[in-house]
Amino acid sequence: MSIWEFANPVRFMRLSGRLLPWFTGLTVLTLLPALYWGFFLTPDDARQGATVKIIYVHVPTAFLAINIYFMMFVTSLIWLIRRHHVSALAAKAAAPIGAVMTLIALITGAVWGQPMWGTWWVWDPRLTSFLIMFIFYIGYIALWAAIDEADKAADLTSILCMIGSVFAIVSRYAVNFWNQGLHQGTSAPLLRPGEETQVSAVFWQPLMLSIAGFFMLFLVLLLLRTRTEIRKRRITALRAREA
Amino acid sequence: MLPDLGKYAVPVLAAYASMFVLLGGLILISFKRGKDSKKTLARLEEKRKKNV
C-alpha cells in the first residue's frame, strides 16, 4: 500500500476516523501525567528556582511551533508538486495550531525571561526569528481567509509557507548561527553515545513525556481539523450544485 | 494543593494559565467546528439523496 493512497479524501476520512479515538486516549494518558509530574512532583532548580516548571510548557510548545511549520512546508510542497487536496488542507488545518503553539512559547518565554534575564523581551536572534515566524503563521491564515477560490488560495499560501520556512529554520538554529543573545541552546538535545543531556534527569524525564503529550495533542487536533476542512470542501461543492 | 512556588508564583502560574486558556480555546473551537461541519454535511447529503 502506498502512502499516496491516503491523499484520497475518502480513505483519509476512514483512516483518521479510526485513529482519532486512540490518539485522543494517548494524549490524555501522556499530557496530563506529564504536566502533573512537571508541576507538582519536580524540585526547584538551584539557580532558576520554581521558574524551571515553565520548561514543561515552554519547550514542548516551542518545539511544536517550529516543527508544525516544517510539516506545513512539506505538505505545501506536496500540494505544489502532486496537487493532492488533502495535503493542502492539512497545511491549512495545522496553521492555527502552530500559531497558538508559537504564541504560548512567546508568552511563557517572556514570563520566564523577566525574572531570569530581568527583561520580558530582547531582540535576540532566536526570539526575533520566532516572532517573525508567528507573523508568518498569522499571514498564512489571513491569506487562506482572503481568497475565495480554493486552489488559488492553496497555491499562494504554499508559496508564502515556503518563504516563511526560512524563519522556522533560523528559529531552530539561530543560537548555532550567531552564538550570541540571551537565549540558551536547546534544552532537550537528542542523545548521542557518550554525550550527556544538558538538563538533569529529574527535569528531563517529565520534559520528554510533556513533549510526547503535546505532540499527541497536535496529531489529534491536526486530524480533527483536516477532517473539518475536507467536510467544508464537500459542503461548498454540494451548495454549488444546489445553486 | 499547589506546590510552594515562592517568589516565582506569579510567572509560573501565569505561564500555565496562558497555556490552558489558549490551548483550551483552540481545542473547543476545533471540536465545535468539527461537530458543526458534520451536522451541516449530513443535512446536505440527506437533502441530495431525497432530490435524486
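The model shown is predicted, which means the values in this text are computed figures rather than measured ones.

**Digging into the overall build of chain A**
Of regular secondary structure, chain A possesses six helices and zero strands. Traced from its N-terminal end to its C-terminal end, chain A shows the element sequence α-α-α-α-α-α. Across the 243 residues that make up chain A, the buried fraction comes to 41%.

**Overview of the interface of chain B and chain A**
In this assembly, 25 residues from chain B lie in contact with 29 residues from chain A. When its residues are assigned to classes, the side of chain B that touches chain A shows 16 nonpolar, six polar and three charged.

**Digging into the confidence of the model for chain B**
Mean pLDDT for chain B: 93, with 100% of residues reaching 70 or above. Interface confidence for the predicted complex, expressed as ipTM, amounts to 0.93; the pTM equals 0.91.

**Observations regarding unusual backbone geometry**
All names here are of chain A. The phi dihedral of R83 is positive, around 55 degrees, even though this residue is not glycine. Mapping R83 onto the fold places it in the loop between α2 (55–82) and α3 (85–117). R83 gets classed as partly exposed once you count the C-beta atoms within 10 Å, which come to 13.

**Section: the nonpolar core**
One recurring pattern in soluble globular proteins: nonpolar side chains tend to sit buried together. Ranked by internal contacts, the top residues of the largest apolar core, which has 69 residues, are I68, A94, I97 and M133 of chain A. Counting only elements with at least two residues in this core, the list comes to α1 (9–41), α2, α3, α4 (125–146), α5 (150–178) and α6 (201–242) of chain A together with α1 (9–51) of chain B. Residues contacting A94 of chain A, with those up to four places away along its chain left out, are I68, M71, M72 and L222 of chain A.

**Observations concerning the environment of F215 of chain A**
Residues and elements named next belong to chain A. The topology assignment puts F215 in helix α6. Given 18 C-beta atoms within a 10 Å radius, F215 is considered partly exposed. With 188 residues separating them along the chain, F215 and T27 place their C-alpha atoms 8.2 Å apart.

**Notes on the packing of α2 of chain A against α6 of chain A**
All names here are of chain A. Interaxial distance between α2 and α6 falls to 9 Å at its minimum, and their mutual angle equals 45 degrees. On the basis of the axis angle, α2 is oblique to α6. Every pair of crossing elements has a handedness; the one defined by α2 and α6 is right-handed. Facing I55, Y56, V59, P60, T61, F63, L64 and I68 of α2, the residues of α6 in contact are F203, P206, L207, S210, I211, F214, F215 and F218. Its residues assigned to classes, the contact of α2 with α6 comprises 14 nonpolar, two polar and no charged.

Conventions adopted
- Residues numbered from 1 in each chain as written.
- Chains lettered and ligands numbered in written order.
- Predicted model: local features only at pLDDT ≥ 70, side-chain atom pairs only at ≥ 80, totals over all residues.
- Helix = DSSP H or I, 4+ residues; strand = E, 2+ residues; numbered from the N terminus.
- Buried ≥ 20, exposed ≤ 12 C-beta atoms within 10 Å, placed from the backbone.
- Contact = placed C-beta atoms within 7 Å.
- Nonpolar A, V, L, I, M, F, W, Y, C, P; charged D, E, K, R; others polar.
- pLDDT = per-residue confidence, 0-100.
- Core = buried A, V, L, I, M, F, W, Y, C linked by C-beta atoms within 7 Å.
- Axes fitted to C-alpha atoms, helices over the stretch in contact; angles between N-to-C directions.
- Parallel < 35°, antiparallel > 145°, perpendicular 65-115°, else oblique.
- Left-handed = near helix turned anticlockwise from the far one by under 90°.

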